[in-house]
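Structural overview for review
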Amino acid sequence: MREHANTCESLGAQVTLVRRPRELAQVEALVLPGGESSMIDKLSRAFDLQKPIQAAIAAGLPVYGTCAGLILLADRICDGIEGQQTFGGLDVTVRRNAFGSQIDSFESDLHAPDLGEEPVRAVFIRAPIVAEVGPAARSLATLPGGEVVAVEQGNLLGTSFHPELIGETRFHARLMDKARARRG
Ligand code: GLN
């Protein structure tokens, strides 16, 4: 959370934490952080944030989800817990904990031509992968083995990994570009 805020502030954004619908109504872009997607899902429903977030996504609010945040943006998930829901919006199927319990975390360089010359170094922590990219979404980055780990669709951006932990700012900058474009 703090790392996302730092990254956004380093790019000139003013950061506010969204815990209530009235706070959501004030932001021009939203980051859904990592954590435990089933817990974030439950809390978002308990705090009456699920429907407002879904409405904001449908209305075009730029949203960037990392790791658990990517799971929450997926239209379809596999290996969710019983009853787990998502906000949806990304036409993808995301598999939770896709690298197994043996590999808790790892780093890798990604193939991400849309992000420019500089290679994307990625940190994965109990990470999901994008098992299927539907026709409305597009892959932004893959592991050397070809697994899709970053996707984009209109106002939405999702990564399996955590750029905020290693000073990689291009994904957050992309989110802000979307906010700027929307503001007009
Ligand atoms: N494994 C977590 C989940 O399923 C995601 C881990 C993370 O966000 N770093 O929600």
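As recorded by an unreviewed UniProt entry, the protein carries the name 5'-phosphate synthase pdxT subunit and is attributed to Brevibacterium paucivorans.

**Describing the overall build of the protein**
Of the regular secondary structure elements, the protein holds six helices and 10 strands. Computed over its C-alpha atoms, the radius of gyration of the protein comes to 15 Å, within 12% of the 16 Å expected for a compact globule of 184 residues. If you line up the protein on its principal axes, its C-alpha atoms span 40 × 40 × 30 Å. Burial status across the protein gives 48% buried among its 184 residues. For the protein, the share of sequence-separated contacts (at least 6 apart) that also reach a separation of at least 24 residues comes to 64%. Of the roughly 9,000 Å² of accessible surface on the protein, a fraction of 50% belongs to carbon and sulfur atoms. Computed over 19 positive and 23 negative side-chain charges, the separation of the two mean positions in the protein equals 6 Å.

**Here we look at unusual backbone geometry**
The residue Cys67 is not glycine, and still its phi comes out positive at about 60°. With respect to the secondary-structure elements, Cys67 resides in the loop between strand E2 (63-66) and helix H5 (68-73). Look at Cys67 and you get buried, because its relative accessible area is 4%. Notably, Arg126 is not glycine yet its phi reads approximately 40°, a positive angle.

**Digging into the side chain of Asn155**
Among the secondary structure elements, Asn155 is positioned in the loop between strand E9 (148-153) and strand E10 (156-159). Within the structure, the side chain of Asn155 is placed 3.1 Å from the backbone oxygen of Ile57, a separation counted as a polar contact. Once residues lying within four places of it in the same chain are set aside, the contact partners of Asn155 are Ile57, Gly60, Leu61, Pro62, Val63 and Lys178.

**Quick look at helix H4 (residues 50-59)**
Listed in full, the buried residues belonging to H4 are Gln50, Ile53, Ala56 and Ile57. Looking straight down H4, one finds that the buried residues subtend no more than 130° of arc, so they occupy a single side. For H4, the exposed residues set more than 90 degrees away from the buried face come down to Lys51, Ala58 and Ala59. Tucked inside the fold, the buried residues of H4 contact helix H2 (21-24), helix H3 (37-46), E2, H5 and E10. Backbone geometry just downstream of H4 places Gly60 in the positive-phi region, at approximately 105°.

**Describing the site of the ligand**
With respect to spatial proximity, the complete set of residues near the ligand consists of Gly34, Gly35, Glu36, Ser37, Cys67, Ala68, Ile71, Arg96, Asn97, Ile125, Arg126 and His162. Here an oxygen atom of the ligand and a backbone polar atom of Gly35 are 2.9 Å apart. Taking Asn97, its side chain carries an N or O atom lying 2.6 Å from a nitrogen atom of the ligand. Here the ligand, which alone exposes 300 Å², has 97% of that area covered by the protein. Residues belonging to the shell around the ligand are distributed by class as follows: four nonpolar, five polar and three charged.

**Quick word on a nonpolar patch on the surface**
A contiguous nonpolar patch, built from Met1, Val15 and Leu17 and spanning about 270 Å² of accessible area, is present on the exposed surface. Mapped onto the elements, Val15 comes out in the loop between helix H1 (2-10) and H2. Residue Val15 is classed as partly exposed on the basis of its relative accessible area of 33%.

What counts, and at which threshold
Residues numbered from 1 in each chain as written. Predicted model: local features only at pLDDT ≥ 70, side-chain atom pairs only at ≥ 80, totals over all residues. Heavy atoms only, no water. Helix = DSSP H or I, 4+ residues; strand = E, 2+ residues; numbered from the N terminus. Rg over C-alpha atoms; globule rule 2.2 N^0.38 Å. Buried < 20%, exposed > 50% of the residue type's maximum accessible area, 1.4 Å probe, protein only. Contact = heavy atoms within 4.5 Å. Areas by Shrake-Rupley, 256 points an atom, 1.4 Å probe, with all protein chains shown as cover. Lys, Arg positive; Asp, Glu negative; His and termini not counted. Charge placed at Lys NZ, Arg CZ, Asp CG, Glu CD. Polar contact = N/O pair within 3.5 Å; in protein donor to acceptor, adjacent residues only side chain to side chain. Arc of directions from axis to C-beta. Near = heavy atom within 4 Å. Nonpolar A, V, L, I, M, F, W, Y, C, P; charged D, E, K, R; others polar. Patch = residues over 30% accessible without salt bridge, like charges linked within 9 Å, V, L, I, M, F, W, Y side chains within 5 Å. Salt bridge = Lys/Arg side-chain N within 4 Å of Asp/Glu carboxyl O.

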